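Now for the letters of each chain:
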Amino acid sequence: KRIIMNEDILKKIKQLPPLPESAMQIEAVYQNPDSSFNDMVKILEKDPLLTADILKSANSPLYGFSREINAISQAVSLFGMGTVRGFALASIVKKSFPLDLSPYGITNDMFSLLSKKQHALTTSWCIRKEPKLLGVLSPAAFLVEIGKVLIAQQIIAKNAQLEFKNALLSLQDVEASERTVAGADTPEVSATIFEHWRFEPGLIDTIKNCENPDGAKEENKKAAQILHVVRTAVQINGTTTDESISAAKELINTYNLDMESFERALENF
């Protein structure tokens, strides 16, 4: 059963349309060591809808900026190229999928909030101490959950909603329930989607191993650990609880990450 289901999901991934031209251009600029801040701004400004989306994200109260950000250049200078790339890719990728997350018991708005909160917590936590990691972590935090869209489609196609609901109740673990019912979990499916779209290996490796950071390559371990903490802190419905924060803090101690910056990021929340 597991193999067939996995193959179905793989087939869905192979059938995904290529990313639009704007995403390719953003990636080309981001990956080019010679490109500048202005090159990124120029490409983003060519797409008014994308610009509007990015500014809407950047002005979310989750980031705690006191003044309104009303130009792409301002967003890039405040957040950095890596984070704005995350905003842009999230906007483009989400438009590539019809969303129905009902098997998870969440609405599309909750799903959107989940991504935004994971991203905001990651950004606030890392922006001072680990800004270099945000190149990978910003899109990873925004996009790591996208695999749920295909897993939900699979569960609906197999008419396994009740089986999945029961698995969630009995296992109390989303990834374990996904593996049991759909034969694949979110990090695995998300990583495979980004492999299909030829994203950089560091992003794919970080997402793939965010539940088990020891499996990541040495240079991606810390990013995978941070993503593990953030996904533990922010629950599937986009909320944080005392229990989820306390579990996240246990992981921070285990991984020897920066607790002080994490607590400051939580206050911004």
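Described in the following lines is the structure provided in the data block. (Residues numbered from 1 in each chain as written. Predicted model: local features only at pLDDT ≥ 70, side-chain atom pairs only at ≥ 80, totals over all residues. Heavy atoms only, no water.)

## Some details on the environment of Leu137
For step 1, the next point in the chain: Tracing the backbone through its elements, the reader meets Leu137 in helix 8 (residues 134–143).
For step 2, the next point in the chain: Placed 39 residues apart in sequence, Leu137 and Pro98 show a C-alpha to C-alpha distance of 25 Å.
For step 3, the next point in the chain: Once residues lying within four places of it in the same chain are set aside, the contact partners of Leu137 are Thr122, Cys126, Ala223, Ile226 and Leu227. (Helix = DSSP H or I, 4+ residues; strand = E, 2+ residues; numbered from the N terminus. Contact = heavy atoms within 4.5 Å.)

## Concerning helix 6 (residues 81–94)
For step 1, the next point in the chain: Between the first and last C-alpha of helix 6 there are 20 Å, a value that for 14 residues agrees with the 20 Å anticipated at 1.5 Å per step.
For step 2, the next point in the chain: The buried fraction of helix 6 amounts to 14 of the 14 residues, a majority that puts the element mostly inside the structure. (Expected span 1.5 Å × (residues − 1). Buried < 20%, exposed > 50% of the residue type's maximum accessible area, 1.4 Å probe, protein only.)

## Structural notes on helix 15 (residues 242–255)
For step 1, the next point in the chain: Spanning 14 residues, helix 15 covers 20 Å between terminal C-alpha atoms, matching the ideal 20 Å at 1.5 Å per step.
For step 2, the next point in the chain: All of the buried residues in helix 15 are Ser244, Ile245, Ala248, Leu251, Ile252 and Tyr255. For helix 15, the arc enclosing every buried residue in end-on projection is 120 degrees, short of the 170-degree limit, so these residues lie on one face. Exposed positions of helix 15 whose direction lies more than 90 degrees from the buried face are Asp242, Glu243, Glu250, Asn253 and Thr254.
For step 3, the next point in the chain: Looking at the buried side of helix 15, the elements it contacts are helix 7 (108–126), helix 14 (221–233) and helix 16 (259–268).
For step 4, the next point in the chain: Asn256 sits one or two positions beyond helix 15 and adopts a positive phi of about 60 degrees. (Arc of directions from axis to C-beta.)

## Focus: the state of the cysteines
For step 1, the next point in the chain: Scanning the entire structure with this criterion turns up zero disulfides.
For step 2, the next point in the chain: Free of any disulfide, Cys126 has its nearest cysteine sulfur in Cys210, 14 Å distant. (Disulfide = S-S within 2.5 Å.)

## As for the pattern of salt bridges
For step 1, the next point in the chain: Enumeration according to the criterion identifies 14 salt bridges in this entry.
For step 2, the next point in the chain: Linking Asp8 and Lys158 is a salt bridge whose minimum nitrogen-to-oxygen distance equals 3.2 Å. Placement of the pair is Asp8 in helix 1 (residues 2–14) and Lys158 in the loop between helix 9 (147–157) and helix 10 (161–171), with a sequence separation of 150 residues.
For step 3, the next point in the chain: The partly exposed category is assigned to Asp8, whose relative accessible area is 21%.
For step 4, the next point in the chain: Note that Lys221 is salt-bridged to Glu218, the shortest N-O span being 3.2 Å.
For step 5, the next point in the chain: On the basis of relative accessibility, which here comes to 60%, the residue Glu218 falls in the exposed class.
For step 6, the next point in the chain: Here the residues in one salt-bridge network are Glu145, Lys148, Glu175, Glu211 and Arg231, joined through shared partners. (Salt bridge = Lys/Arg side-chain N within 4 Å of Asp/Glu carboxyl O.)

## Considerations on the packing of aromatic side chains
We describe a pair of aromatic rings using the distance from one ring centre to the other and the angle between the two ring planes.
For step 1, the next point in the chain: All told, the structure shown has nine aromatic pairs when counted by the stated rule.
For step 2, the next point in the chain: A centroid spacing of 5.1 Å and a plane angle of 85 degrees characterise the contact between Phe79 and Phe87, whose relative ring orientation is edge-to-face. Residue Phe79 shares its accessibility class with Phe87, and that shared class is buried.
For step 3, the next point in the chain: An aromatic cluster is built from Tyr63, Phe65, Phe79, Phe87 and Phe142, whose rings are joined through pairwise contacts. (Phe/Tyr/Trp six-rings, centres within 6.5 Å; stacked < 30°, edge-to-face > 60°.)

## Topic: the packing of helix 9 against helix 12 (residues 186–196)
For step 1, the next point in the chain: Between helix 9 and helix 12, the least distance of the axes is 7 Å, while the angle of their chain directions is 110 degrees. With respect to helix 12, the element helix 9 is oriented roughly perpendicular. The two elements helix 9 and helix 12 cross, and the hand of that crossing is right-handed. For the pair formed by helix 9 and helix 12, the contact residues are Gly147, Lys148, Leu150 and Ile151 on the first element and Thr186, Val189, Ser190 and Ile193 on the second.
For step 2, the next point in the chain: Its residues assigned to classes, the contact of helix 9 with helix 12 comprises four nonpolar, three polar and one charged. (Axes fitted to C-alpha atoms, helices over the stretch in contact; angles between N-to-C directions. Parallel < 35°, antiparallel > 145°, perpendicular 65-115°, else oblique. Left-handed = near helix turned anticlockwise from the far one by under 90°. Nonpolar A, V, L, I, M, F, W, Y, C, P; charged D, E, K, R; others polar.)

Read these as geometric descriptors, not functional statements.
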